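Here is what each chain is made of, one letter per residue.
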Amino acid sequence: MSRVLALLLLMLAAVAGETVTPADYLRRIDRLADLLEQRAPALTAAGALERIQVAWPAATLAADPVLPALVRAGRRGEALRHARALRAAVAAGVPAAAEPDRSRLAELAAGLPPPLAAGGSLLAPQVAVELDETWRQRLTRALEWLADRWLDFWRWLKSWFASPEHHDEGEATRTVVLVALGVLGVLLVALALLALRRRGSPSPAAMAASGPAADHDPISRPSAGWIARAEELAAAGLHREAVRAWYHAVLAAAFASGRLHHRTGRTNWEYLAAVDPAAPWRPPLRELTVAFDRAWYGGRADAAGVAAAAAGARGLIAVMEDG
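Residues numbered from 1 in each chain as written. Predicted model: local features only at pLDDT ≥ 70, side-chain atom pairs only at ≥ 80, totals over all residues. Heavy atoms only, no water.

**As for the packing of helix H11 (residues 239–257) against helix H13 (residues 282–296)**
Turning to step 1, where the next piece is worked out: Interhelical geometry of H11 versus H13 gives an angle of 150° and a closest axis separation of 9 Å. Looking at the two axes, H11 sits roughly antiparallel to H13. When you trace H11 past H13, the crossing you get is left-handed. Facing Arg240, Glu241, Val243, Arg244, Tyr247 and Val250 of H11, the residues of H13 in contact are Leu285, Leu288, Thr289, Ala291, Phe292, Ala295 and Trp296.
Turning to step 2, where the next piece is worked out: Among the residues making up the contact of H11 with H13, the classes are represented as nine nonpolar, one polar and three charged. (Axes fitted to C-alpha atoms, helices over the stretch in contact; angles between N-to-C directions. Helix = DSSP H or I, 4+ residues; strand = E, 2+ residues; numbered from the N terminus. Parallel < 35°, antiparallel > 145°, perpendicular 65-115°, else oblique. Left-handed = near helix turned anticlockwise from the far one by under 90°. Contact = heavy atoms within 4.5 Å. Nonpolar A, V, L, I, M, F, W, Y, C, P; charged D, E, K, R; others polar.)

**Topic: helix H14 (residues 303–322)**
Count 3.6 residues to each turn of an α-helix, and residues three or four apart come out pointing the same way.
Turning to step 1, where the next piece is worked out: In this model, H14 (20 residues) spans 29 Å end to end at C-alpha, consistent with the 28 Å of a helix rising 1.5 Å per residue.
Turning to step 2, where the next piece is worked out: Residues of H14 that are buried include every one of Val306, Ala309, Ala310, Ala313, Leu316, Ile317 and Met320, and no others. Burial along H14 is one-sided: seen end-on, the buried residues are contained in an arc of 145°. Away from the buried face of H14 by more than 90 degrees, exposed residues Ala304, Ala308, Ala311 and Asp322 are located.
Turning to step 3, where the next piece is worked out: Contacts from the buried residues of H14 go to helix H10 (223–235), H11 and H13. (Expected span 1.5 Å × (residues − 1). Buried < 20%, exposed > 50% of the residue type's maximum accessible area, 1.4 Å probe, protein only. Arc of directions from axis to C-beta.)

**Digging into the side chain of Asp64**
Turning to step 1, where the next piece is worked out: Within the secondary structure layout, Asp64 lies in the loop between strand S3 (60–62) and helix H4 (66–72).
Turning to step 2, where the next piece is worked out: At a separation of 3.4 Å, a polar atom in the side chain of Asp64 contacts the main-chain amide nitrogen of Val66. (Polar contact = N/O pair within 3.5 Å; in protein donor to acceptor, adjacent residues only side chain to side chain.)

**Quick look at the packing of H10 against H14**
Turning to step 1, where the next piece is worked out: H14 packs onto H10 with a crossing angle of 170° between their chain directions and a minimal axis gap of 12 Å. By the angle class used here, H10 and H14 are roughly antiparallel. Contacts between H10 and H14 involve Ser223, Ile227, Glu231 and Ala234 from the former and Val306, Arg314 and Ile317 from the latter.
Turning to step 2, where the next piece is worked out: Of the residues belonging to the contact of H10 with H14, the class tally is four nonpolar, one polar and two charged.

**Some thoughts on the packing of aromatic side chains**
Turning to step 1, where the next piece is worked out: Enumeration over the complete set of coordinates arrives at four aromatic pairs.
Turning to step 2, where the next piece is worked out: Centroid distance Phe292 to Trp296: 6.3 Å. Interplanar angle 10°. Geometry classified as stacked. Here the residue Phe292 and the residue Trp296 both occupy positions in helix H13, the gap between them amounting to four residues, near one helical turn.
Turning to step 3, where the next piece is worked out: Trp296 gets classed as buried once you look at its relative accessible area, which sits at 16%.
Turning to step 4, where the next piece is worked out: Between Phe292 and Tyr297, the ring centres sit 6.2 Å apart and the planes meet at 80°, which makes this aromatic pair edge-to-face.
Turning to step 5, where the next piece is worked out: Taking the relative accessible area as the measure of exposure, Phe292 reaches 4% and is therefore buried.
Turning to step 6, where the next piece is worked out: Taking the relative accessible area as the measure of exposure, Tyr297 reaches 30% and is therefore partly exposed.
Turning to step 7, where the next piece is worked out: Counting every residue linked through ring pairs, the aromatic cluster contains Tyr247, Phe292, Trp296 and Tyr297.
Turning to step 8, where the next piece is worked out: Positioned above the aromatic ring of Trp226 is the side chain of Arg221, whose terminal nitrogen or guanidinium carbon lies 4.6 Å from the ring centre.
Turning to step 9, where the next piece is worked out: It is Arg240 that lies over the ring of Trp296; its NZ or CZ is 3.6 Å from the centre. (Phe/Tyr/Trp six-rings, centres within 6.5 Å; stacked < 30°, edge-to-face > 60°. Lys NZ or Arg CZ within 6 Å of the ring centre and 35° of its normal.)

**Notes on the pattern of salt bridges**
Turning to step 1, where the next piece is worked out: Within the structure shown, the criterion is met by 11 salt bridges.
Turning to step 2, where the next piece is worked out: The salt bridge involving Arg27 is made with Asp24; its shortest N-O contact spans 3.7 Å. Of this pair, Arg27 and Asp24 are both found in helix H2 (residues 22–37), three residues apart, which corresponds to roughly one turn of the helix.
Turning to step 3, where the next piece is worked out: Its relative accessible area of 52% is what places Arg27 among the exposed residues.
Turning to step 4, where the next piece is worked out: With a shortest N-O distance of 2.9 Å, Glu231 and Arg314 are connected by a salt bridge. Of the two residues, Glu231 sits in helix H10 while Arg314 sits in helix H14, which places them 83 residues apart along the sequence.
Turning to step 5, where the next piece is worked out: Residue Glu231 is classed as partly exposed on the basis of its relative accessible area of 41%.
Turning to step 6, where the next piece is worked out: The exposure class assigned to Arg314 is partly exposed, which follows from its relative accessible area of 43%.
Turning to step 7, where the next piece is worked out: Members of the salt-bridge network, linked through shared partners, are Glu18, Asp24, Arg27 and Arg28. (Salt bridge = Lys/Arg side-chain N within 4 Å of Asp/Glu carboxyl O.)

**Some points on the environment of Glu50**
Turning to step 1, where the next piece is worked out: With respect to the secondary-structure elements, Glu50 resides in the loop between helix H3 (43–47) and strand S2 (53–55).
Turning to step 2, where the next piece is worked out: Under the relative-accessibility criterion, Glu50 is labelled partly exposed at 24%.
Turning to step 3, where the next piece is worked out: Along the backbone, Glu50 and Glu18 are 32 residues apart, and their C-alpha atoms lie at a distance of 9.1 Å.
Turning to step 4, where the next piece is worked out: Residues contacting Glu50, with those up to four places away along its chain left out, are Pro68 and Arg72.

**Regarding the sheet that holds strand S1 (residues 19–20)**
Turning to step 1, where the next piece is worked out: The strand order across the open sheet built from three strands is S1-S2-S3, with neighbouring strands paired in mixed fashion. Sheet topology places S1 and S3 at the edges, where each strand pairs with a single neighbour.
Turning to step 2, where the next piece is worked out: Note: S2 against S3, three bridges, orientation antiparallel. In the strand pairing of S3, Gln53 is matched with Ala62. (Pairing = 2+ DSSP bridges.)

See below:
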């Protein structure tokens, strides 16, 4: 009887899965997001997120099942967007460390470049940014597929006319086939011309949505320049880009005041981790970081979100400029 009971307990444990901390759950999400971004095999990392329980302070809950399902289905783009949004939500619930790891900070500081002299400048290297696939790329692929099918049809038609067994089918059938082929060819040419015309002259809305390359780099403008850019984007209805500009305005002010030090490749959460836990401006910076992740990666951007980000950013910038 005791053996049966032990076997049942083992089976229940296997069904229930592993129980992890929120911080460990966050690391697994980060690992999977990195693999998705690198277009590397991600099934094993997705499996590490299945059937696990997360021990939150209030209760132990099952992990999100959507992300592993998207990976298994091969929907990499949707999985990456979902991983980013999930990471922002989980990070908001992970408590900050009460005391930083001094030895780790010293190790990281040893790899930093020497401080700049007064009046110096720092030039960031150009970083290639992988953009989401545009509708023009999708249309180009569709045209290529249509061209392949047209060539297949043409080869079949030639073989059909070349075969003696079809010579007595009559001129009516031949005429119908030729007309259908002509209509297909005209449609293909029209779609190709439309794609080339659209590609040569992108719409103003598309140009505004993509934005200049400088919008990706927080050190490309001073804080005042980012504020002006954020107001310009908000007026154009580009809420997601406006929230990012407000966040960059805060980073630029922090760099200028020496409270943070720019380093290529650092994430927003790494900048937040570099802030002294006792600093009074750390909590509002954390709130703005969460708001930015939800707007930029989670697609939750509207006029109210831009207004909230602007208010939070202005308060933080005032702290930076007051010294």
